[in-house]
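# Per-entry structural report
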Number of protein chains: 2
Amino acid sequence: MRYSQQRQLIREIVTRTNSHPTADWIFKQTKKIIPNISLGTVYRNLKQLEEKGEIDTIYDGNIVRYDWNVESHDHLKCTECGDLIDIHFKHDKFKSIVKRKFKFDANSVEMKIIGTCSKHAKK
Amino acid sequence: MRYSQQRQLIREIVTRTNSHPTADWIFKQTKKIIPNISLGTVYRNLKQLEEKGEIDTIYDGNIVRYDWNVESHDHLKCTECGDLIDIHFKHDKFKSIVKRKFKFDANSVEMKIIGTCSKHAKK
DNA sequence: ATAGTAAATAGTAATCATTCCTATTATTAT
DNA sequence: ATAATAATAGGAATGATTACTATTTACTAT
Ligand SMILES: [Mn+2]
Ligand SMILES: [Mn+2]
Ligand SMILES: [Zn+2]
Ligand SMILES: [Zn+2]
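Now for a look at the structure at hand.

The rules behind these values
- Residues numbered from 1 in each chain as written.
- Chains lettered and ligands numbered in written order.
- Predicted model: local features only at pLDDT ≥ 70, side-chain atom pairs only at ≥ 80, totals over all residues.
- Heavy atoms only, no water.
- Near = heavy atom within 4 Å.
- Polar contact = N/O pair within 3.5 Å; in protein donor to acceptor, adjacent residues only side chain to side chain.
- Helix = DSSP H or I, 4+ residues; strand = E, 2+ residues; numbered from the N terminus.
- Donors = N, O, S within 2.8 Å, 3.2 Å for Na, K, Ca; no water.
- Tetrahedral: all angles 85-135°; square planar, octahedral: opposite > 155°, others 65-115°.
- Nonpolar A, V, L, I, M, F, W, Y, C, P; charged D, E, K, R; others polar.
- Contact = heavy atoms within 4.5 Å.
- Buried area = accessible area lost by both parts, 1.4 Å probe.
- Salt bridge = Lys/Arg side-chain N within 4 Å of Asp/Glu carboxyl O.

Let's shift gears to the protein's contact with DNA strand D. Surrounding DNA strand D, one finds 17 residues, the nearest of these being Y43(A), K47(A), S4(B), T41(B) and R44(B). Among atoms of DNA strand D positioned within 4 Å of the protein, sugar and phosphate together represent 75%. Taking N45(B), its side chain carries an N or O atom lying 3.1 Å from a phosphate oxygen of DNA strand D. For the surface near DNA strand D, the secondary-structure elements that each account for two or more residues are α3 (39-51) of chain A together with α1 (5-15) and α3 (39-51) of chain B.

Looking now at the coordination of the zinc ion (ligand 3). All names here are of chain A. Those protein atoms acting as donors to the zinc ion (ligand 3) are C78 (SG), C81 (SG), C117 (SG) and H120 (NE2), and they sit at 2.0 to 2.3 Å. What the four donor atoms of the zinc ion (ligand 3) show is an angle range of 103 to 118° at the metal, which sorts the shape as tetrahedral. Going along the chain, you hit the donors of the zinc ion (ligand 3) in the pattern C-x2-C-x35-C-x2-H. Of this pair, C81 sits in the loop between β3 (74-78) and β4 (84-87) while C117 sits in the segment after β5 (105-116), and the two are 36 residues apart along the sequence.

The next subject is the protein's contact with DNA strand C. Lining the immediate environment of DNA strand C, one finds 17 residues, of which T41(A), R44(A), R2(B), Y43(B) and K47(B) sit closest. The sugar-phosphate share of atoms of DNA strand C within 4 Å of the protein amounts to 76%. Taking R7(A), its side chain carries an N or O atom lying 3.5 Å from a phosphate oxygen of DNA strand C. At a separation of 2.6 Å, a phosphate oxygen of DNA strand C approaches a polar side-chain atom of K47(B). The set of elements that each furnish at least two residues to the surface near DNA strand C consists of α1 (5-15) and α3 of chain A together with α3 of chain B. Partitioning the surface near DNA strand C into residue classes produces six nonpolar, six polar and five charged.

Counting from both sides, the interface comprises 33 residues of chain B and, opposite them, 33 residues of chain A. Interface area lost by chain B to chain A is led by F94(B), F104(B) and I114(B), which between them contribute 21%. Taken together, the connections running from chain B to chain A amount to zero salt bridges. The interface formed by chain B and chain A holds eight residue pairs in polar contact (both at pLDDT 80 or more) in total. For the side of chain B that touches chain A, the elements supplying multiple residues, two or more each, are β3 (74-78), β4 (84-87), α4 (92-102) and β5 (105-116) of chain B. Sort the elements by how many residues they give to the side of chain B that touches chain A and β5(B) lands first, with twelve residues.

In short, the description is geometric, and any link to function would need to be established separately.
Right, here's the structure in full:
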């Protein structure tokens, strides 16, 4: 895989963003630096970066987001502001339970907790 | 909301299917009974049934599925055959942890365990 | 440094799932 | 049975993503 300014910029933008951005948001950011970059280039490179294991794709309902954090982790989804917050849980117990009860070989666990975040606390 | 043959048929098909069917699969099934039903009718009714709380929408990666089981539950996703299997876990512990550590008010928890199901057991 | 090559891009067209639109049909209250 | 109007069929529109292709760019060997 050959170097390209576009891919490097996309990589940097995703890497310094904690908000699990969408392809379109990333596209808008890249355009500030490379005004004639095309949306197809953003999609193609996001897919390649995922294939290389540099980033993860996250399906937030029907919205596709990207995550620089490729370590297994979970998310809190706020229904008020839409934010997706990282959180880390241990899932070994669940993996062993499904192995015993369903003979299911678990590779990974994804957990999403839906609710309202601290920004909207009642006074 | 007025009765319609189409909605009733869609409701019955979803209710007797455990495989978390897609809109298109449901459409094909309904066409066996009402050959000139339209795909828009299927989508419109699935949305209405969800709004009435009769069914749930499930986002399986980028695939949208429907579930007659509206009680909170989790899923095992088999990467070999694509099956989505129901499983029920208690999540109270997680809800209290995020409340304490993040002041996050949890309403519901969705958990997906990815791996291979018993159908593909090594001999 | 120069030239050859193949990868990557920009711009645009195509695809796919879903939603929207509207003339017609079906259901329900009277 | 009739009137009112909710629901449908069929097709157009939308939005996100992918595919196509002529041109540009990065790397390699001279
Ligand atoms: Mn994350
Ligand atoms: Mn289910
Ligand atoms: Zn929030
Ligand atoms: Zn399987």
